[in-house]
Amino acid sequence: MSRMKELQKNLFGGTTSNARQFGMIFTLVAIIVFFQIQTGGLTLQSGNLIALTQQYAYISVLSIGMLMVIVAGHIDLSVGSVAAFVGIVVAKAVTEHDLPWPLGILLGLVVGALIGAWQGFWVAYVGIPAFIVTLAGMLLFRGGNQYIGNADTVPVPEGFRDIGAGYLPEVGPSTGYNNLTLLLGLLACAAVVWRELRARQVRTQMEGAEPAPLWIAVLRMVVMIAVIVFVTLRFAGGRVGTSFPISGIILAVLVLAYSFYTRNTAGGRHIYAVGGNARAAELSGVKLRRVNFFVMMNMSILAALAGMIFVARSAASGPQDGLSWELDAIAAVFIGGAAVSGGLGTIGGSIVGGLVMAVLNNGLQLTGTGSDMVQIIKGLFLLGAVALDVYNKKQGRFSIIGSLTRSNRSRHEAAAGESVEANVVKQPAARS
Amino acid sequence: MRRSFLIKSVAVGAAVALALTGCSNDREGTSSGDSGSGDAKGFAKDGLIGVALPSKTSENWVLAGDLFTNGLKEAGFKSDVQYAGASTTVADQQAQITAMVTKGAKVIVIGATDAAQLSTQVAAAHQAGAKVIAYDRLITNTPDVDYYIAFDNFKVGQMQGQALLDGMKAKKPTGPWTVELFSGSPDDNNAGVFFNGAMDVLKPAIDKGDVVVGSGQKDVKQTAIQGWKAEGAQSRMDSLLNSTYNGGKTLDGVLSPNDTLARAIITSVKGAGKPIPVVTGQDSEVESVKSIMAGEQYSTINKDTRKLVAETITMVKSLQAGTEPQVNDTKSYNNGSKVVPAYLLPPVIVTKATAAEAYANDPKLSALTK
Amino acid sequence: MSTAPPLLEMRSITKTFPGVKALSEVQLTVRDGEIHAICGENGAGKSTLMKVLSGVYPYGSYDGSIIYRGAEAKFADIRASENAGIVIIHQELALVPGMSITENIFLGNEPRRFGRIDWKAANSKALELMAMVGLKEDPDTLIKDIGVGKQQLVEIAKAFAKDVRLLILDEPTAALNENDSQHLLDLLRGFKERGITSIMISHKLNEIEAIADSITILRDGRTIETIDVKGEGADEDRIVRGMVGRDLGSRFPDHVPDIGEVFFEVRNWTIRHPISAERLVCKNSSFTVRRGEIVGFAGLMGAGRTELAMSLFGRSYGVYESGQIFKDGKEIQLKSVTDAIANGLAYVSEDRKAVGLNLLDDIKTSVVAAKLSKITRHGVLDEAAEYRQAEAYRKSLRIKTPTVDEGVTKLSGGNQQKVVLAKWMFTDPDLLILDEPTRGIDVGAKYEIYGIIQELASEGRGVVVISSELPELIGLCDRIYTVFEGAITGEISRRDANPETLMKQMTSTKKLATS
């Protein structure tokens, strides 16, 4: 194995699946550098980074849920409508019915869970494809938003706005930076070091598996800590009154929690198993219906949260909330390396995928590109990113989204072996 | 392989280090100035002016964008004119305004897509020391709007109401006249103002019984057309024709808030094979002017975008010079947080009879009136 | 010997796939107007030979020549062979379930009139063809609404719509019940009288005896012999010997069975087909397994062995009708796969790629997939434990891979099968049901898999092996049940087992006395 490959394999976590995100992270860095030059340094300015975080926090929250839905082999088209529906319900409740806003957030999550249970029921227990169920949901809850809101824009109170537009407060001595943000950065650095040490420890417990070479571990730590320090100082050094946004903290907590869930628990494994081969999973004792119900329900809860974050940021719930969010979330997931056929993809990848689109969008806006061109460029980028990856994989080179082609390839192989049966209708009877 | 990798990683490390040391903390420079938005010191002559407009769905916004680009350039400013994307309008506009703030715009002119969902962004603009001008649509629920510039929209509504009455009288001298009412998008603050203006004129006639709303739908929620969408107006008109006017009842007039909707309404009536009633409009769109000259649509309003843009640029110039811009209404426009000083331009009603005169200065439209 | 010139002559056909010689110098001569049966075990090369004949493997991709109606045929694809009047009816029918009988008969071959489909002509022609095959149905009935037997007839009618000269039927009665099978055989006789030549691939010796004029036996991709039934008579023993005859000598590791008490028993197990509820897939099946015993299930394709196994494994197949399962003397209820695993059952599927493995997984994830609770500490997966477990199996089962981080697609068939075995060994089962455990695996790996199976039995577990390869069952199992059309037709101990007796019981309902 060459050094480069070793690096690819080890730099971002030490497993093959994470190595696939390596290329995407490279792309992200390239885009950032490109726009940093193009905009004369505006891209990495504190204010812009903070705005970016706020603008894409809600899309990233969605893409966490969407990743799990897509990994399980489904799709959810209703997230934008669900977000808008929950947004208007919560806005009405807190503004017109004087519900205290923390209870309003709770209400929103409960409504999201109920909607999720509704969709999950149809998908998991009745067996209607999620595409259809959520297409119906898209209409249903968009209409619900307009019915409840009378197509009005309903403002929300100050306290509520914090989850979308709020910042960490200024406390402690004047350091010229936001102290809490500095503290967060410090924690993140400590976490990186701890994780690295722990990973090495686990790896040494694995008999026969050699831990990554020390130079790689050190390099990885140095790079990550440098990035964290840089980002922390940027966020902490913004205009007084601004710092790391609350919505960013919500997102970070969700990313950590869901990454852990999908990687390190049996429940998470089951989602991948169902998406990879539902029949095999079933015969290994995975409860298919329960998994499908869970991913659909979870998606709607996250959509509810995303809707509330957006409403909070916009200070009001409006009839156009959530329009085409599902497309942004799905694009983020696929750019982040998930397979269209399910079974592959990571939360981290989806976040990086979302970031790539966000930085691209933001950079184009900063350079004064019109929204028509922005859409064209984003569309081409989405296609190009996936196509280049597929091409690289075919050439046997390192692949950005190796996962995607990997699934295609195995399916091709299977198809080639059965090419004759392919044009033959299978009899319902099992053969023995 | 190893060497090239090392070179790369050293390069990345160096870049990070440079970035860390090269960029200083933003807190020192602006923190003292950002709260003092009150002292009008002006700004550099070639300062950046941001213009955020809704999506390109109406001719007027496209025209306004072009006029801003050229006008600001002539006045010596740098400009950044943006339209919101067609599908994700609100979120897009929010991002665009934020980008303008980041780029250091001194004045941001906003034609809002949803007037109630921009308070976070205009607050950020204010904190960064930029002035905010609400163009055509008043931004609500925020103290962070400095000026409002628009045509007098209440007056527009009044003129539409009056034109509707005049038009029906001309066709059928005595009442009662049967009408239907349409209003604009409920998320557009102006839609209500137009409607209230029109009702200001129509209400007495309705109360007297001279004017009858055939379907009985008089509430702004019933008459609203989401997103100012033509297909929305057309389908509402279709269903009205199929219910209320199914029997032979004649429809004398339709209050339409703008030209796009007016043409959709006329299309619907034509489709049903009914005689075209008196239909009002607004915006002087090319197709509607043609329609008026052809005797179909009755009236439109000429809100000369050129004038509005020109006045906005005048306002920007005074802000640049550090003087207080001219306003003519400091009482009427309460956005829910404060009364926004407004500069209102008078609209002009246009019918077939007055078209030639009204569009004399407009090369494109005057050709149509000949 | 008849003097009629042969309709078809396949001379020295050799077909090689990467690494495998599927056909080697195969000879096949089919006379005009006869019914010619082709027999052979699974994997003997029957289907490959028919694919060569029908152009699925085009001219040039094989060696040898096909002489059809006196001239060399060089078919480029299926369409070319169909145009020459050769039609194959596959075991898996090529019908569109949501279309009507008429639409299916004329699919891709629609009668046209001025560019439009002439449905009137199509319907009347369809009725004519349906009468020929003895199918009484409304031609507008959808395919999914008629039974498998009738679907088979539609398929044959479809062949006649194409002006067939040589009809090839691949195991035509495998999925049919007694009546439908009988009807089909009568039909073939009728065709013969009309001068249509048929080739029938079949395992069922009673059927072959009943209708074939000639029988060609294939084994391991070679022609063993061709029997002229009229001249020499169909000797069942001779056919069976031809099909299975090979040296069983050293293909199995040495193993001294240590058989204990009966611990697992199934009584009167009856299962209905999941879609056509009137069909019983398992009929009143009862069997027992002892500790340390390897029990074989012999049967033909479609006999219901897999269905029996899967329905026992947490009702993963069919609709439960009746029957009981006892383990260690107590009745147990296995209503889901989870129940089955919890009660110490493991089922290794016959189709490794489709249902046995998640091909996206790496080796270690696959190994622990069926019992994640074993590596979970406080709700968190212990990756180090996962790795250690997988590594242990890699060593003990000799899975050939650099590390257990590799994806399972990178492994050979034999090593994949070892991973699947490891996955179920990891659940620490009392009873393992192995469905075709050596399908698609080379000889060396087979030997290793046999060793693993014997090892499992030596640990005191019960092992059930389902296989289509009789030598495998005879060499491996302590006791063999035979299955025919959903019913257990016999039980033979290792001492008495030989291919001929097994084959006889696998192909008829006649229950032989066991000694």
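Residues numbered from 1 in each chain as written. Chains lettered and ligands numbered in written order. Predicted model: local features only at pLDDT ≥ 70, side-chain atom pairs only at ≥ 80, totals over all residues.

**Considering unusual backbone geometry**
All names here are of chain C.
Working step 1: A positive phi is found at Ser12, a non-glycine position, where the angle reads about 45°.
Working step 2: With respect to the element layout, Ser12 can be found in strand E1 (residues 6-17).
Working step 3: Classification of Ser12 as partly exposed rests on a count of 14 C-beta atoms within 10 Å.
Working step 4: With a phi close to 50°, Asn268 is a non-glycine residue in the positive phi region.
Working step 5: In this fold, Asn268 is placed in strand E13 (residues 262-272).
Working step 6: Residue classification places Asn268 among the partly exposed residues on the basis of 13 C-beta atoms within 10 Å. (Helix = DSSP H or I, 4+ residues; strand = E, 2+ residues; numbered from the N terminus. Buried ≥ 20, exposed ≤ 12 C-beta atoms within 10 Å, placed from the backbone.)

**As for helix H14 (residues 383-396) of chain C**
Residue and element names in this part refer to chain C.
Working step 1: Here H14 contains 14 residues, and its C-alpha end-to-end distance of 20 Å stays within 8% of the 20 Å for a straight helix at 1.5 Å per residue.
Working step 2: All of the buried residues along H14 are Glu386, Tyr387, Gln389, Ala390, Glu391, Tyr393 and Arg394.
Working step 3: Of the residues one or two after H14, Arg398 is the one with positive phi, at around 55°. (Expected span 1.5 Å × (residues − 1).)

**Focus: the sheet that holds strand E6 (residues 86-89) of chain C**
Residue and element names in this part refer to chain C.
Working step 1: A sheet is described by the order of its strands in space; here 6 strands give the open sequence E6-E9-E10-E3-E11-E12, paired in mixed fashion. In this open sheet, the two edge strands, each paired with only one partner strand, are E6 and strand E12 (222-228). Sheet twist, expressed as the mean angle between neighbouring strand axes with direction ignored, is 15°.
Working step 2: In the sheet, strand E3 (residues 35-39) pairs with strand E10 (residues 197-201) via 4 bridges, with the strands oriented parallel. Residue pairing in the sheet places Ala37 in a bridge with Met200 of E10. (Pairing = 2+ DSSP bridges. Axes fitted to C-alpha atoms, helices over the stretch in contact; angles between N-to-C directions.)

**A closer look at the domain arrangement of chain C**
Residues and elements named next belong to chain C.
Working step 1: Here the domain parsing of chain C yields domain 1 (6-244), domain 2 (248-344 + 429-515) and domain 3 (354-427).
Working step 2: Relative placement of domain 2 and domain 3: their C-alpha centres are 25 Å apart.
Working step 3: With 4 residues, helix H16 (residues 443-458) is the largest single contributor of residues to the side of domain 2 that touches domain 3.
Working step 4: The residue inventory of the side of domain 2 that touches domain 3, partitioned by class, reads 8 nonpolar, 1 polar and 2 charged. (Domains from an automatic or database assignment. Nonpolar A, V, L, I, M, F, W, Y, C, P; charged D, E, K, R; others polar.)

**Here's the deal with the packing of helix H6 (residues 101-126) of chain A against helix H7 (residues 130-149) of chain A**
Residues and elements named next belong to chain A.
Working step 1: With their axes 9 Å apart at the nearest point, H6 and H7 run at an angle of 145° to one another. The hand of the H6/H7 crossing is right-handed. Contacts from Ile115, Gln119, Trp122 and Val123 in H6 reach Ala130, Val133, Thr134, Gly137 and Phe141 in H7.
Working step 2: The residue inventory of the contact of H6 with H7, partitioned by class, reads 6 nonpolar, 3 polar and no charged. (Left-handed = near helix turned anticlockwise from the far one by under 90°. Contact = placed C-beta atoms within 7 Å.)

**Remarks on the nonpolar core**
Working step 1: If you look at the biggest cluster of nonpolar residues, it comprises 362 residues, and the most contacted ones within it are Leu62 and Ile309 of chain A, Ile108, Ile110, Ala134 and Ile265 of chain B together with Ile453 of chain C.
Working step 2: In contact with Ile453 of chain C, other than residues within four places in its own chain, are Ile294, Leu434, Pro437, Val463, Val465 and Leu476 of chain C. (Core = buried A, V, L, I, M, F, W, Y, C linked by C-beta atoms within 7 Å.)

**A closer look at the pairing of strand E16 (residues 319-327) of chain C**
All names here are of chain C.
Working step 1: Sheet topology places E13 next to E16; 7 bridges connect them, and they run antiparallel. Paired with Ile271 across the bridge in E16 is Tyr320.
Working step 2: In this antiparallel pair of consecutive strands, E16 and strand E17 (residues 330-332), the connection spans 2 residues, and Asp328 shows a positive phi of 50°.

**A closer look at the UniProt feature "domain: Periplasmic binding protein" (unreviewed entry) in chain B**
Working step 1: Mapped onto this numbering, the UniProt entry annotates "domain: Periplasmic binding protein" (unreviewed entry) at residues 49-323 of chain B.
Working step 2: This span, residues 49-323 of chain B, is 49% helix and 15% strand, and a straight line between its end C-alpha atoms measures 17 Å. (UniProt positions renumbered as here; feature names shortened; annotations may be inferred.)

**Observations concerning the environment of Leu205 of chain C**
Residue and element names in this part refer to chain C.
Working step 1: Relative to the helices and strands, Leu205 resides in helix H7 (residues 205-211).
Working step 2: By C-beta crowding, Leu205 is classed as buried, having 23 other C-beta atoms within 10 Å.
Working step 3: Apart from residues no more than four positions distant in its own chain, Leu205 is found in contact with Glu236, Ile239 and Thr507.

**Some points on the packing of helix H4 (residues 46-71) of chain A against helix H4 (residues 89-102) of chain B**
Working step 1: Packing of H4 of chain A against H4 of chain B leaves a shortest axis separation of 10 Å and a crossing angle of 170°. Classified by the angle between their axes, H4 of chain A and H4 of chain B sit roughly antiparallel to one another. Residues Gly47, Asn48, Ala51 and Gln55 of chain A of H4 of chain A form the contact with H4 of chain B, whose participating residues are Ala95, Thr98, Val101 and Thr102 of chain B.
Working step 2: For the contact of H4 of chain A with H4 of chain B, the per-class residue count stands at 3 nonpolar, 5 polar and no charged. (Parallel < 35°, antiparallel > 145°, perpendicular 65-115°, else oblique.)

**Quick word on the domain arrangement of chain B**
Accessible area lost during the coming together of the parts is what is often quoted as the interface size.
Residues and elements named next belong to chain B.
Working step 1: Here the domain parsing of chain B yields domain 1 (44-145 + 305-345) and domain 2 (153-303 + 350-368).
Working step 2: Computed from C-alpha atoms alone, the centre-to-centre distance between domain 1 and domain 2 is 29 Å.
Working step 3: Every contact between the two is made by 10 residues of domain 1 and, on the other side, 9 residues of domain 2.
Working step 4: Those elements giving two or more residues to the side of domain 1 that touches domain 2 turn out to be helix H3 (59-74) and helix H12 (305-321).

**Details of the confidence of the model for chain B**
Residue and element names in this part refer to chain B.
Working step 1: In the predicted model, chain B carries a mean pLDDT of 84, and 89% of its residues have values of at least 70.
Working step 2: Of the regions scoring below 50 in pLDDT, residues 1-6 engages in 7 contacts with residues more than four places distant in sequence or in other chains.
Working step 3: Per-residue pLDDT stays below 50 along residues 17-23; that stretch engages in 5 contacts with residues further than four places along the chain or on separate chains. (pLDDT = per-residue confidence, 0-100.)

**Overview of the environment of Ala331 of chain A**
Working step 1: With respect to the helices and strands, Ala331 of chain A occurs in helix H15 (residues 325-335).
Working step 2: Between the alpha carbons of Ala331 of chain A and Gly354 of chain A there is a distance of 7.6 Å; along the sequence they are 23 residues apart.

**A closer look at the sheet that holds E16 of chain C**
Residue and element names in this part refer to chain C.
Working step 1: As summarised here, the arrangement of the 4 strands in space is E14-E13-E16-E17, forming an open sheet in which the pairing is antiparallel. Looking at strand neighbours, the two that pair on one side only are strand E14 (280-290) and E17, the edges of this open sheet. In this sheet, neighbouring strand axes are inclined to one another by 15° on average, regardless of whether the strands run parallel or antiparallel.
Working step 2: Here E13 pairs with E14 via 7 bridges, running antiparallel.

**Section: the pairing of strand E2 (residues 78-83) of chain B**
Residue and element names in this part refer to chain B.
Working step 1: The buried fraction of E2 amounts to 5 of the 6 residues, a majority that puts the element mostly inside the structure.
Working step 2: As paired strands, strand E1 (residues 48-53) and E2 are joined by 6 bridges and run parallel to one another. When the sheet's bridge partners are listed, Val51 is paired in E2 with Val81.
Working step 3: Traced from E1 through H3 to E2, the parallel crossover comes out right-handed. (Right-handed = clockwise from strand over helix to strand, strands pointing away.)

**Some thoughts on the environment of Thr134 of chain A**
All names here are of chain A.
Working step 1: Here Thr134 shows up in helix H7.
Working step 2: Residue Thr134 is classed as buried on the basis of its 29 C-beta neighbours within 10 Å.
Working step 3: Sequence spacing of Thr134 and Arg239 is 105 residues, and the spatial spacing of their C-alpha atoms is 42 Å.
Working step 4: Contact partners of Thr134, with chain neighbours within four places excluded, come to Ile75, Asp76, Leu77, Ser78 and Gln119.

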